[in-house]
Every structure is written in structure tokens, then in C-alpha cells.
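Inside the fold
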Amino acid sequence: MCGRYQFSTEGSSALQRVMELARALPGGEKIKTGDICPGALAPVLVGAGAKIAVRLMRWGYQNPRGRDLIINARAESAGERPMFRQSLARRRCALAA
């Protein structure tokens, strides 16, 4: 699995708005549309209810043992793994894709 995903604003007013808000953030000029690969800066939605915000984040987790990014977690065990446990419990986000 390559871990890439597609981000395009074409035909979606909601994704156009996400991109508009993301470009206004520091570093927002670096966001690209199309094929989003591990390590790329991408817009994400964080929060809940009326407090949803757009943030910029890098796609993937930094591997503490090397330079490679970790992009996959098994749903059955993510809550047990130290690398994913805190994120799964407290730092959820939605990718604009």
C-alpha cells in the first residue's frame, strides 16, 4: 500500500472553502492539490460540532527509529500501540479528500 490519497477542490464548494481557509494559514501557500503523498503538508479538519477548524499537518507519523514515515495502523491494534494510542484517544482529525 502506498498511502497516498487524492485531494481536489474541483466540483466541491466545501473542499474549495477548506482550501481557502488552509491557504490563509502560515505555510498555506505550500499546499498542493492532487496526489498527496507521505510527508506532504495537507489541510485537515479538527474539533467537533461548531468548533471545527482547518489546520495544516504533515501526512504520516515520524518513525522514532528512523527517517521513514509511518502511515498505516491496524484498526484492531492501533489503540494498544504506543505510537498511535494517544492520537486515537485524543487527537482525531478528518482528512479533506
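Below: a short report on this structure. (Residues numbered from 1 in each chain as written. Predicted model: local features only at pLDDT ≥ 70, side-chain atom pairs only at ≥ 80, totals over all residues. Heavy atoms only, no water.)

Looking only at helices and strands, the chain features 2 helices and 7 strands. Across its three principal directions, the C-alpha atoms of the chain cover 40 × 30 × 25 Å. Scored against the burial criterion, the 97 residues of the chain give a buried share of 25%. Of the contacts formed within the chain by residues at least 6 apart in sequence, a portion of 46% connects residues at least 24 apart. Here the chain displays about 7100 Å² of accessible surface, and carbon together with sulfur accounts for 51% of that area. Taken together, the 16 basic and 7 acidic charged side chains of the chain have centroids lying 8 Å from each other. (Helix = DSSP H or I, 4+ residues; strand = E, 2+ residues; numbered from the N terminus. Buried < 20%, exposed > 50% of the residue type's maximum accessible area, 1.4 Å probe, protein only. Contact = heavy atoms within 4.5 Å. Areas by Shrake-Rupley, 256 points an atom, 1.4 Å probe, with all protein chains shown as cover. Lys, Arg positive; Asp, Glu negative; His and termini not counted. Charge placed at Lys NZ, Arg CZ, Asp CG, Glu CD.)

All of the buried residues in helix H1 (residues 13–23) are Leu15, Val18, Met19 and Ala22. Each buried residue of H1 sits inside an arc of 95° when the element is viewed along its axis, so together they form one side. Buried residues along H1 sit in contact with strand S1 (5–7), strand S3 (41–46) and strand S4 (53–58). (Arc of directions from axis to C-beta.)

This part is about the pairing of S4. Across 6 bridges, the pairing between S3 and S4 is antiparallel. Its bridge partner being in S4, Pro43 is matched across the sheet by Leu56. (Pairing = 2+ DSSP bridges.)

Aromatic ring pairs are defined here through the distance separating the ring centres and the angle between the ring planes. Considering all chains together, one arrives at 2 aromatic pairs under this definition. Centroid distance Tyr5 to Trp59: 5.2 Å. Interplanar angle 75°. Geometry classified as edge-to-face. Of this pair, Tyr5 sits in strand S1 while Trp59 is found in the loop between S4 and strand S5 (61–62), placing the two residues 54 residues apart along the sequence. In this structure Tyr5 comes out as buried when scored by relative accessible area, which is 13%. Residues Tyr61 and Phe84 carry aromatic rings whose centres are separated by 4.9 Å and whose planes lie at 85° to one another, so their mutual orientation is edge-to-face. Taken together, the positions of Tyr61 in strand S5 and Phe84 in helix H2 (residues 82–90) put the pair 23 residues apart, joining distant regions of the chain. A residue is classified by how much of its surface remains accessible, and Phe84, at 11% relative accessible area, is buried. (Phe/Tyr/Trp six-rings, centres within 6.5 Å; stacked < 30°, edge-to-face > 60°.)

Moving on to the nonpolar core. Tyr5, Phe7, Leu15, Val18, Met19, Ala22, Ile31, Ile36, Ala42, Val54 and Ala96 form the largest nonpolar core, which has 11 residues in total. Within the residue set of this core, elements represented by two or more residues are S1 and H1. Every residue in contact with Val18, bar those within four places of it in the chain, is listed here: Pro43, Leu45, Val54 and Ala96. (Core = buried A, V, L, I, M, F, W, Y, C linked by side-chain atoms within 4.5 Å.)

With that out of the way, let us pick up the sheet that holds strand S7 (residues 94–95). Reading across the sheet, the 3 strands line up as S4-S3-S7 and stay open at both edges, with antiparallel pairing between neighbours. Each edge of the open sheet is held by one strand with a lone partner, namely S4 and S7. Packed on one face of the sheet, H1 meets S3 and S4 and runs near 70° to S4. (Axes fitted to C-alpha atoms, helices over the stretch in contact; angles between N-to-C directions.)

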